[in-house]
Amino acid sequence: MAAERESTRERPVGATAAGRPRAGRLDQPRPPRRRLLPEWDPDAFGRLSERIARFLGTGRFIVWMTVVIIVWVLWNVAAPRHLRFDEYPFIFLTLALSLQASYAAPLILLAQNRQDDRDRVNLEQDRKQNERSIADTEYLTREIAALRMGLGEVATRDWMRSELQDLVKELEERTVDGHRRHGVFPADHPRARDMDDR
């Protein structure tokens, strides 16, 4: 009975019960796998596709393609029979143009997708910039309103001038009233001149 208990304790339990060896240590990264397909940089491929799409959309490409087709047709019509490589229905020319079109269409679509991604990022940046500009404008508007309210309580130059003129008039009136009470008049006052004449 004791031997049976010991044998059950020695048996592995769980994931290792199947007897599979572990793939590696968990504290170390796995070695890179070999890939059957070649790897390429998607950005480099996208840049190449954009260059090709830009060239396909120029007048230079259309002129060169037209020249090649005219030379191709003239060669296969006017050249001696043993030098012709594509006879009248021009099947090889049709195949070449179809092949060129079948590669040009996906390259153009890839270039358009990349341009759409760039436009989307630019629009997002423009939207954020507009939001910041609106927030700045609202902040400046609030600050200007606060300054206007504050300036309503601040003395302006014209107000100060009018207050000073009122004070000067009041002082002059007090001085004249004081002189009348005491019988003393300033030198330029008419009554003072009359008293001097006497």
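Worth saying up front: this structure is predicted, and the values here are computed from it rather than measured. (Residues numbered from 1 in each chain as written. Predicted model: local features only at pLDDT ≥ 70, side-chain atom pairs only at ≥ 80, totals over all residues. Heavy atoms only, no water.)

(A) Looking closely at the overall build of the protein chain. What the protein chain contains, in helices and strands, is six helices and zero strands. Across the 198 residues in the protein chain, those meeting the buried criterion constitute 10%. Counting only contacts in the protein chain whose residues sit at least 6 apart along the sequence, the fraction spanning at least 24 positions is 46%. Total accessible area on the protein chain stands at roughly 18300 Å², and carbon and sulfur atoms take up 60% of it. (Helix = DSSP H or I, 4+ residues; strand = E, 2+ residues; numbered from the N terminus. Buried < 20%, exposed > 50% of the residue type's maximum accessible area, 1.4 Å probe, protein only. Contact = heavy atoms within 4.5 Å. Areas by Shrake-Rupley, 256 points an atom, 1.4 Å probe, with all protein chains shown as cover.)

(B) Broad picture of the packing of aromatic side chains. Applying the stated criterion to the full structure yields four aromatic pairs. When the ring of Trp72 is compared with that of Phe92, the centres are 5.4 Å apart and the planes differ by 40 degrees; the resulting orientation is tilted. Taken together, the residues span a long stretch of sequence, with Trp72 in helix α3 (residues 59–78) and Phe92 in helix α4 (residues 91–153) at a distance of 20 residues. What makes Trp72 buried here is its relative accessible area of 16%. Residue classification places Phe92 among the partly exposed positions, given a relative accessible area of 44%. Taken together, the ring pairs in this structure connect Trp72, Phe85 and Phe92 into an aromatic cluster. (Phe/Tyr/Trp six-rings, centres within 6.5 Å; stacked < 30°, edge-to-face > 60°.)

(C) The arrangement of unusual backbone geometry in detail. Positive phi, normally seen in glycine, also occurs at Phe90, with a value near 55 degrees. Relative to the assigned elements, Phe90 resides in the loop between α3 and α4. Its relative accessible area of 13% is what places Phe90 among the buried residues.

(D) Inspection of α3 at higher detail. The end-to-end C-alpha separation of α3 is 28 Å, in line with the 28 Å expected for 20 residues at 1.5 Å each. What α3 keeps buried is the set Phe61, Trp72 and Asn76. With its buried residues spanning 20 degrees around the axis, α3 presents them on a single face. With respect to the buried face of α3, the exposed residues turned more than 90 degrees away are Arg60, Val63, Val71, Leu74 and Ala78. (Expected span 1.5 Å × (residues − 1). Arc of directions from axis to C-beta.)

(E) Highlighting helix α2 (residues 42–56). Across its 15 residues, α2 extends 21 Å between first and last C-alpha, which sits within 8% of the 21 Å expected from 1.5 Å per residue. What α2 keeps buried is the set Gly46, Ser49, Glu50, Ala53 and Leu56. An end-on view of α2 places all buried positions within 125 degrees of arc, on one side of the element. Of the exposed residues in α2, those oriented more than 90 degrees away from the buried face are Arg51 and Arg54.

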